[in-house]
Amino acid sequence: MISRIVYYVVFPLYVVFVVYSSITLGKDLNEAMLISLGLLLIVSMFSDIRFPKQVTLFSVLQFLILFSFHYVSQLNWCYSLYIILLSKVLYPIKKVSIAIFVGAMSMLLYTGARLSYMDVTKYNYLAVVSDFLTSLAVVFIIQYIVKTEREKNQLIEQIERESSFYQSEKLKVIGELAAGMAHEIRNPLTTIKGFLQLSKSQNYNIKPWYELLSDEVERMTELTGEFLEFSKPRITCYQVSSMHECLQKVISLTESEARILRHQLQYSEYSPDLHVYMDADKMVQVFVNLIKNALEAMTEPGKVTIRLYNSKGWVHVVLTDTGKGIRPADLKKIFDPFFTTKQTGTGLGLSISLKIIQDHGGKLEVSSTEGQGTSFMIRLPLRTREVIEAT
Ligand SMILES: Nc1ncnc2c1ncn2[C@@H]1O[C@H](COP(=O)(O)OP(=O)(O)O)[C@@H](O)[C@H]1O
Ligand SMILES: [Mg+2]
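A brief look at the structure comes next. (Residues numbered from 1 in each chain as written. Chains lettered and ligands numbered in written order. Predicted model: local features only at pLDDT ≥ 70, side-chain atom pairs only at ≥ 80, totals over all residues. Heavy atoms only, no water.)

As for the side chain of His316
As a reminder of what qualifies: Secondary structure elements follow DSSP: runs of H or I no shorter than four residues count as helices, runs of E no shorter than two count as strands, and numbering proceeds from the N terminus. Polar contact is the term for a pair of N or O atoms within 3.5 Å; when the atoms are in protein, one must be able to donate a hydrogen and the other to accept it, and sequence-neighboring residues count only if both atoms are side-chain atoms. By definition, residues are in contact when any of their heavy atoms lie within 4.5 Å.
Topologically, His316 is positioned in strand β5 (residues 314–321). A distance of 3.1 Å separates a polar side-chain atom of His316 from the backbone oxygen of Trp314. The residues touching His316, leaving out its near neighbours within four places in the chain, are Arg307, Leu308, Tyr309, Ser311, Met377, Ile378 and Arg379.

Set out below in structure tokens:
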């Protein structure tokens, strides 16, 4: 701001002052030429804003105009104009050696013009040395100011860049989360829809499923709450819980949909007292995702088998379907967010499930044969009885 005032207000005023002084003192070599050069100098100060790329060549031209102006005005006072122009030209120059060179060149022009109208005396020779030293000091001071200002600007730019980067990252996360939420809400909605359809045959009596329905509504409320409280991380509710109870809940939730699609859910092979340190709601979400995928993969009436057992300190849950299977080329991609082969799929179910299992210190693996079916195996660390009692 201050530099702009100096370049675009002080500088032109100073040129006018020199023109006026030179003419009134009768020093000028040619009045018309002095006025023309003065005007040219002022115009040049304004016009280079539009040619930033040609600034170097333009600066040389500006110095030559100033030199001619100085020569015609025959006044020492032009010194200030050299200093102002120098400060402007030095601004984009980063290298000190180049800055000193530019400073020396401008002083050479000044001295050249000055000596044309001064007597060659000892005093004037010393004055030349003094001018040179002054210009050197000016170069260093300007370099220092410019450097500080440049660093400040770079810092501001960096902060702005970073904050806009974080902003777009945050938007991306919110977008992904929104899609994920929509997907997660759709699962309980289908369950509710299934029960409502089922209740038709019971004279719209929903009493037998009331608990389940209200649980589902509760889960949706929780999910939407989680979404709204996006900025605050959700306190996940980890507890040592029975995997068998968890799977029973999953089955009661998916049963109606399976029945509508004429598929069978089989859960007969299980060890009843296997416990896992888990967020039971999230775990339900994982199994519902997997069972829904299995149901959707079976075009003919088929069967989904769920097995629960313990092996080497790990709780295993294996879900096997008799669906169309997964193409070997797709096997690597199914856990990628948004990968889907379904027309109305979101491709988020498996990526969310994988994340939940990993958060629980577990593993989620898949094996599939095209045309025969798919198996998803979940392994989670087993909690022994002693640990359960201690917690
Ligand atoms: N049991 C399965 N049988 C066959 N393909 C499956 C099975 N589970 C998942 N897939 C494949 O993995 C893809 C990704 O699944 P998912 O992440 O749940 O998203 P979506 O169900 O929305 O497509 C599905 O589109 C499907 O191609
Ligand atoms: Mg799915």
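Looking at helix α11 (residues 349–359)
Going by this rule: A simple rule labels every residue: compare its accessible area, found with a 1.4 Å probe on the protein chains alone, to the largest value its type can have, and call it buried under 20%, exposed over 50%, or partly exposed in between.
For α11, the complete set of buried residues consists of Gly349, Leu350, Ser351, Ser353, Leu354, Ile356 and Ile357. Count one or two residues on from α11 and you reach Gly361, which has phi positive near 75 degrees.

Description of the pattern of salt bridges
Opposite charge on two side chains permits pairing when their charged atoms draw close. As a reminder, the rule being used: By convention in these notes, a salt bridge is any Lys or Arg side-chain nitrogen within 4 Å of a carboxyl oxygen on Asp or Glu.
Following the criterion strictly, the structure yields eight salt bridges and no others. For Glu365, the salt bridge goes to Arg379, with nearest N and O atoms at 2.7 Å. Within this pair, whereas Glu365 is found in strand β6 (residues 363–369), its partner Arg379 is found in strand β7 (residues 373–381), the two being separated by 14 residues in sequence. One salt-bridge network, held together by shared partners, links Arg327, Asp330 and Lys333.

Quick word on unusual backbone geometry
You will see that Gln74, though not glycine, has its phi angle at about 55 degrees, which is positive. Positionally, Gln74 belongs in the loop between α3 (55–73) and α4 (79–90). One non-glycine residue, Arg262, adopts positive backbone phi at about 65 degrees. Examined against the element boundaries, Arg262 turns out to sit in the loop between α8 (243–260) and β2 (264–270). Since its relative accessible area comes to 62%, Arg262 is described here as exposed.

Structural notes on the nonpolar core
Note the threshold: Here, nonpolar core refers to any group of buried Ala, Val, Leu, Ile, Met, Phe, Trp, Tyr and Cys residues whose side-chain atoms link them within 4.5 Å.
Ranked by internal contacts, the top residues of the largest apolar core, which has 47 residues, are Met243, Phe287, Val317 and Ile378. The element that contributes the greatest number of residues to this core is helix α9 (residues 280–297), accounting for nine residues. Among residues more than four places away in sequence, those in contact with Met243 are Leu274, Val276, Met278, Met283, Phe287, Leu308, Val315, Val317 and Leu380.

Structural notes on the site of ligand 1
To keep it simple, the criterion reads: For each residue, the test is whether any non-hydrogen atom lies within 4 Å of the molecule or strand; if one does, the residue is near. Areas reported as accessible are Shrake-Rupley estimates using a 1.4 Å probe. Residue values count occlusion only from the protein chains shown. Under the scheme applied here, ten amino acids are nonpolar (Ala, Val, Leu, Ile, Met, Phe, Trp, Tyr, Cys and Pro), four are charged (Asp, Glu, Lys and Arg), and all others, including Gly, are polar.
The local shell around ligand 1 holds 19 residues, among which Asn293, Thr340, Thr341, Lys342 and Leu350 are the closest. Within the side chain of Thr340, an N or O atom sits 2.5 Å from an oxygen atom of ligand 1. Note that an oxygen atom of ligand 1 is positioned 2.8 Å from one of the backbone N or O atoms of Leu350. When ligand 1 sits alone it has 530 Å² of accessible area, and the protein chains cover 95% of it. Of all the secondary-structure elements, those providing two or more residues to the shell around ligand 1 are α9, α11 and β7. The element that contributes the greatest number of residues to the shell around ligand 1 is α9, accounting for three residues. Residues of the shell around ligand 1, tallied by class, amount to eight nonpolar, nine polar and two charged.

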